[in-house]
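Topology and contacts: notes
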Amino acid sequence: MSTNGLRWIFFMGGLMILALGVTLTIKGSMLGVGSWDVLHIGLANYGLTIGTWAIVTGVIVLVIGIYFNKEMPKFGTWINMFSVGLFIDLFNWLLPDVEGLFLQTCMFVLGILLLGFGCGMYIVANFGAGPRDSLMILLTQRLGWSVTKARTVMEVSVAIVGFTIGGPVGIGTVFMAIGLGPIVAKSLQMNEKLFNVLSKEQYIVQPH
């Protein structure tokens, strides 16, 4: 397998794991969910699936970015947007709903860990950031905001909108806003090391 093939495995595998993590946090929504999922779940109350709304909002965010940046995002950004939405709906259909605080907490915690790991895994492939990360970058460039300010304003805004239309907000929403970053950072380190090891092994095994 070529290095490019390995990148595709990391990219698509990461997106699947990320989507599974998102779905698990949704199954544990008694504690709340991530800011964007608050919005997606709130919108789902008015029709369409959570994954479909994730795609729709992603398209809107990308269109905004294209308008202001005057350039098309990387192809991986488009794949990211559509794949994650489809995977969320698939896993949401496959996984059972759970009741009770203990089981929902277990789902939520496992979901955050998988979400963070999957995020770091797909980023290592370097095929393009997700649409929401692209919006954050746009805010920093256009308004001169720091990354922290841009992400905070963005996350709080979508959470408020989602909450007003029925999305679940709780302690888990706050925890994800604070704790997800360090998990993604650790995942990036782990996956970079893994990718480098596998790349070197492939080069040794297939020198011709």
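Residues numbered from 1 in each chain as written. Predicted model: local features only at pLDDT ≥ 70, side-chain atom pairs only at ≥ 80, totals over all residues. Heavy atoms only, no water.

**Details of the packing of aromatic side chains**
- This model, assessed by the stated rule, comprises nine aromatic pairs.
- Relative to phenylalanine 127, the ring of phenylalanine 11 has its centre 5.3 Å away and its plane inclined at 80 degrees; by these criteria the two rings are edge-to-face. Highlighted residues: phenylalanine 11 in helix α1 (residues 3–27) and phenylalanine 127 in the loop between α5 (101–125) and α6 (131–143), separated in sequence by 116 residues. The residues phenylalanine 11 and phenylalanine 127 share a single accessibility class, namely buried.
- Centroid distance tyrosine 67 to phenylalanine 68: 5.1 Å. Interplanar angle 85 degrees. Geometry classified as edge-to-face.
- Of the residues examined, phenylalanine 68 reaches a relative accessible area of 37% and is grouped as partly exposed.
- Every member of this aromatic cluster is reached through a ring pair, and the members are Trp8, Phe11, Phe75, Tyr122 and Phe127. (Phe/Tyr/Trp six-rings, centres within 6.5 Å; stacked < 30°, edge-to-face > 60°. Helix = DSSP H or I, 4+ residues; strand = E, 2+ residues; numbered from the N terminus. Buried < 20%, exposed > 50% of the residue type's maximum accessible area, 1.4 Å probe, protein only.)

**Observations concerning the nonpolar core**
- Counting 30 residues, the largest nonpolar core has Phe10, Leu18, Ile26 and Ile88 as its most contacted members.
- Elements represented by at least two residues in this core include exactly α1, α2 (35–44), α4 (75–94), α5 and α8 (171–205).
- Once residues lying within four places of it in the same chain are set aside, the contact partners of isoleucine 26 are Val33, Ile41, Ile50 and Ile88.
- Core analysis: the second largest hydrophobic core is formed by 12 residues, Leu39, Val61, Leu138 and Met154 among them. (Core = buried A, V, L, I, M, F, W, Y, C linked by side-chain atoms within 4.5 Å. Contact = heavy atoms within 4.5 Å.)

**Regarding the packing of helix α3 (residues 50–69) against α6**
- Axis separation between α3 and α6 bottoms out at 9 Å; the angle between their running directions is 30 degrees. Two packed elements cross with a definite hand, and for α3 against α6 that hand is left-handed. Only Pro131, Arg132, Leu135, Leu138, Gln141 and Arg142 of α6 make contact with α3, whose side of the interface consists of Ala54, Thr57, Gly58, Val61, Leu62, Ile64, Gly65, Phe68 and Asn69.
- Its residues placed into classes, the contact of α3 with α6 shows eight nonpolar, five polar and two charged. (Axes fitted to C-alpha atoms, helices over the stretch in contact; angles between N-to-C directions. Left-handed = near helix turned anticlockwise from the far one by under 90°. Nonpolar A, V, L, I, M, F, W, Y, C, P; charged D, E, K, R; others polar.)

**A few points about the environment of cysteine 119**
- Its place among the elements puts cysteine 119 in helix α5.
- Along the sequence, cysteine 119 and leucine 18 sit 101 residues apart, while their C-alpha atoms lie 5.8 Å from each other.

**Quick word on the UniProt feature "transmembrane region" (unreviewed entry) in the protein chain**
- Per the UniProt annotation, the sites labelled "transmembrane region" (unreviewed entry) are residues 7–26, 46–68, 75–95, 101–125 and 158–185.
- Summarising residues 158–185: 79% helix, 0% strand, and an end-to-end C-alpha distance of 23 Å. (UniProt positions renumbered as here; feature names shortened; annotations may be inferred.)

**Considering the packing of α1 against α4**
- Between α1 and α4, the shortest axis-to-axis distance is 8 Å and the interhelical angle comes to 40 degrees. Judged by the angle between their axes, α1 and α4 are oblique. Between α1 and α4 the crossing geometry is right-handed. Across the interface between the two elements, Trp8, Phe11, Met12, Leu15, Met16, Leu18, Ala19, Leu20, Val22, Thr23, Ile26 and Lys27 of α1 pack against Phe75, Gly76, Ile79, Asn80, Ser83, Val84, Phe87, Ile88, Phe91 and Asn92 of α4.
- Looking at the contact of α1 with α4 residue by residue, the class counts come to 16 nonpolar, five polar and one charged. (Parallel < 35°, antiparallel > 145°, perpendicular 65-115°, else oblique.)

**Some points on the side chain of serine 199**
- As for its position among the elements, serine 199 is in helix α8.
- Under the relative-accessibility criterion, serine 199 is labelled buried at 15%.
- When sequence neighbours within four positions are dropped, the list of residues in contact with serine 199 reads Thr3 and Leu6.

**Some remarks on the environment of methionine 30**
- With respect to the element layout, methionine 30 can be found in the loop between α1 and α2.
- Exposure remark for methionine 30: the relative accessible area of 49% places this residue in the partly exposed category.
- Excluding residues that lie within four positions of it along the chain, methionine 30 makes contacts with Gly100, Leu101 and Gln104.

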